[in-house]
Every structure is written in structure tokens, then in C-alpha cells.
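# Coordinate analysis (summary)
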Amino acid sequence: RMRRTGSIASLLAIAGITLLLSGCRHQNELPDLSGLGAITAISREDGSGTKAEFENLIHLQENASDTEADSTENMINQISASKGAIGYAAFSSVKDTKKTKILSVDGIQPSADTIKNGTYPLCREYLLAYTGDLSEAETDFLAYIKTAGQQIVEQFCVPAGKTNTFLSDQSSGIIRINGSSSAAPILESLAEDYQKYNKHVQILLETTDSTSGLNAALEGSCDLAMTSRALKDYEKELLNTQVIGKDAIAVLVQAENPVQNLSEEQILKIYEKTYRNWSEVR
């Protein structure tokens, strides 16, 4: 019995050493980053759904980023101009850009498959939110989005469901949509395609940010709010939602940056300023 106990203890010790060495190998996967110098952590502006969802997903309590970008285009331009910069944006908006590089997170690249099966850590939904009962025109438009419109959604991100036949009721009216700049290109294409089915509805779209859109819906100054972040508890009590599609938040660095992969913990430490220089990233 004593010998068996000793054998088990030896096996556990070997397993511990193996795990330790494995951890060391994982740390050593990062190349020499000393030449990158200081980290410039870039966030989106307050009110941005992408910012709110990014911080929620990495469990960031206090953002200590160095600067802000008020649009995806501005984010890309700032990152591409600085070798030490890091930022984030909607994957659907940056997947084809050559100015920046998309990092793997915990060893997983964002893609249609990893978003669909949820293995990529930084996934989020695009929603339309509204108060009270829908008008006939709004009901018809949302029915289109859930059916034929999913083919349009698939051109941008992972659709919420399968494409199905849509038959408009030919209702008429004006639909005012406000909110997320990440969701706006999808809604613009949906609104344009919807005209093939129903020319009696006019859709007015204003791009602001998720929080502004949700507030506009709550105040009654728009009919549908585009949001790229999850609703807060009080918003859930006051608003109804429909999922448009599912996307991811891509973590970006300059194209020449040698980093290929960061863990969620490393990203968190960058944005809370535990790491201030790239050479400190472990």
C-alpha cells in the first residue's frame, strides 16, 4: 500500500512538472517584443456598443486605455500608424483590411465557424430594439429581416437563422432607425433590399452609437434602435428585441507586429495597464 502511494505521488509530481514546462512553452510562444516599445491601447468612444461589449467580455473593470477612436475607420488608421498600438473593432468591418492584423484570442481566430459555434471568446449579437407594439410597417420589415433578409445579413456576419421565403403585406409608413455604427451597414443593405418587396415603406437610418440609439428608442424619437451590445437590465425591462445576426470583436495590431495570439487575460492586463510595454507581456 505504501509503495502504491509512493508511485501515485511520483506520477503526480511528474504531471506537475509537465504542466509547468507546458506553461513555459506557452509563454515562450511570444516572439521578442522589446522592439515594439510602449503599448498604445486604443478604445472606442463612450456610448459605443463595441466598447461596452469588449469590456464586458474581457471583464474589464476600469479602462485605462491611452486614446480613443470614434469610428472603425479611425481605429484602423490609428493602429496602422503605430507599431505599438492595439485596438479592436467589429470583425465584419475589418476582416478584409490589409492595414491591420487580426489576432487570435486564446489560440482561436474569429471566423464564421468559430462565431457560429461560439468557440471564439469575443462574440456578440446585433439587435434591433423597440418599445411597445410595432406598427404594420415595422412588423413587415422585421418579418423580412427574419426570413429573406437573412441572406443579406450573411454577407456581413453570421445570420440569426436560415433564409426563408418572405411575402410582404404591402403596408406603408415611415420607419426611423438609429444607433450602432457597427450594425448600420447591415441595416442599410437590408433597407435597400426590402424595397424590392415593399416600396410603400420609407426607412430613415441615422448612425450614432448603440447607447444613443437605445435612448432614442426609449424616448420615442426613433422606432427601432440598432445595438451591438447586450441590453442593460433596465433596458431589458423597457425594450423588446430581435436578433439580426451574430458577429465577433476582433483584436487588432499593426500588420507588421509579430504578435499572433493573445489570451483574454493578456488583453485585460493591457487595457487595465498592468502591462505598459510589449516586453512585459507574458
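Below is a summary of the structure that appears in this document.

About the thresholds
- Residues numbered from 1 in each chain as written.
- Predicted model: local features only at pLDDT ≥ 70, side-chain atom pairs only at ≥ 80, totals over all residues.
- Heavy atoms only, no water.
- Axes fitted to C-alpha atoms, helices over the stretch in contact; angles between N-to-C directions.
- Helix = DSSP H or I, 4+ residues; strand = E, 2+ residues; numbered from the N terminus.
- Parallel < 35°, antiparallel > 145°, perpendicular 65-115°, else oblique.
- Contact = heavy atoms within 4.5 Å.
- Nonpolar A, V, L, I, M, F, W, Y, C, P; charged D, E, K, R; others polar.
- Phe/Tyr/Trp six-rings, centres within 6.5 Å; stacked < 30°, edge-to-face > 60°.
- Buried < 20%, exposed > 50% of the residue type's maximum accessible area, 1.4 Å probe, protein only.
- Pairing = 2+ DSSP bridges.
- Salt bridge = Lys/Arg side-chain N within 4 Å of Asp/Glu carboxyl O.
- Core = buried A, V, L, I, M, F, W, Y, C linked by side-chain atoms within 4.5 Å.
- Lys, Arg positive; Asp, Glu negative; His and termini not counted.
- Polar contact = N/O pair within 3.5 Å; in protein donor to acceptor, adjacent residues only side chain to side chain.

### What to know about the packing of helix H6 (residues 136–146) against helix H8 (residues 184–194)
- At a minimum axis separation of 11 Å, H6 and H8 run at an interaxial angle of 105 degrees. Regarding the angle of H6 to H8, the classification is roughly perpendicular. Residue-level inspection shows Ala137, Asp140, Phe141, Tyr144 and Ile145 of H6 in contact with H8, the latter providing Leu187, Leu190, Ala191, Asp193 and Tyr194.
- Its residues placed into classes, the contact of H6 with H8 shows eight nonpolar, no polar and two charged.

### What about the packing of aromatic side chains?
- This model, assessed by the stated rule, comprises ten aromatic pairs.
- Each ring, one from Phe141 and one from Tyr144, has its centre 6.2 Å from the other, and the planes form 20 degrees; the classification is stacked. With Phe141 and Tyr144 both in helix H6 and three residues apart, the pair spans about one turn of that helix. The burial state of Phe141 is the same as that of Tyr144; both residues are buried.
- Aromatic pair Tyr144 and Tyr197: ring centres 5.5 Å apart, planes at 45 degrees, arrangement tilted. Pair noted here: Tyr144 is in helix H6 and Tyr197 is in the loop between H8 and strand S9 (201–207), with a separation of 53 residues, a long-range link.
- Residue classification places Tyr144 among the buried residues on the basis of a relative accessible area of 0%.

### A closer look at the pairing of strand S6 (residues 123–130)
- Counting buried positions over the eight residues of S6 gives seven, a clear majority of the element.
- Inspection of the sheet shows S6 paired to strand S11 (residues 240–254) by eight bridges, in the antiparallel sense. Bridge pairing links Glu125 to Lys246 in S11.
- Pairing of S6 with strand S10 (residues 224–227), which is carried by three bridges, proceeds in the antiparallel orientation. Bridging from a neighbouring strand, Ala129 pairs with Ala225 of S10.

### Side note on the pattern of salt bridges
- A complete count under the given rule lists seven salt bridges for this structure.
- Among the ionic pairs, Lys51 bridges to Asp46, the shortest N-O distance being 2.6 Å.
- The class for Lys51 is buried, based on a relative accessible area of 10%.
- Notably, a salt bridge pairs Lys269 with Glu265, separated by 3.3 Å at the nearest N-O pair. Placement of both Lys269 and Glu265 in helix H11 (residues 264–271) is noted, with a separation of four residues, approximately one turn of the helix.

### Details of the nonpolar core
- Counting 43 residues, the largest nonpolar core has Phe54, Ile86, Leu122, Ile270, Tyr271 and Trp278 as the members making the most contacts within it.
- Breaking this core down by element, the ones donating at least two residues are strand S1 (40–44), helix H2 (49–57), helix H3 (72–80), strand S3 (85–90), helix H4 (91–94), S11 and H11.
- The element contributing the most residues to this core is S11, with six residues.
- The residues touching Ile86, leaving out its near neighbours within four places in the chain, are Ile39, Thr40, Ala41, Ile42, Ile79, Val251, Leu252, Val253, Leu262, Ile270, Tyr271 and Trp278.
- If you look at the next biggest cluster of nonpolar residues, it comprises 29 residues, including Tyr126, Tyr130, Cys157 and Ile186.

### Quick look at the side chain of Thr147
- One can find Thr147 in the loop between H6 and helix H7 (150–153).
- In contact with Thr147, other than residues within four places in its own chain, are Lys162, Thr163, Asn164, Thr165 and Phe166.

### As for the side chain of Asp209
- Relative to the assigned elements, Asp209 resides in the loop between S9 and helix H9 (210–219).
- Despite its burial, Asp209 remains without a salt bridge, the nearest opposite charge being carried by Arg229 at 7.3 Å.
- Within the local environment of Asp209, its side chain forms a polar contact with the backbone nitrogen of Ser212, the two atoms lying 2.7 Å apart.
- Once residues lying within four places of it in the same chain are set aside, the contact partners of Asp209 are Glu45, Asp46, Gly47, Ser48, Gly179 and Ser180.

### With respect to the environment of Leu214
- Position of Leu214 among the secondary structure elements: in helix H9.
- Exposure remark for Leu214: the relative accessible area of 0% places this residue in the buried category.
- Sequence separation between Leu214 and Gly173 is 41 residues, and the spatial gap between their C-alpha atoms is 21 Å.
- Apart from residues no more than four positions distant in its own chain, Leu214 is found in contact with Ala129, Ala225, Thr227, Arg229, Leu231, Glu235 and Leu239.

Keep in mind these values describe shape, not function.
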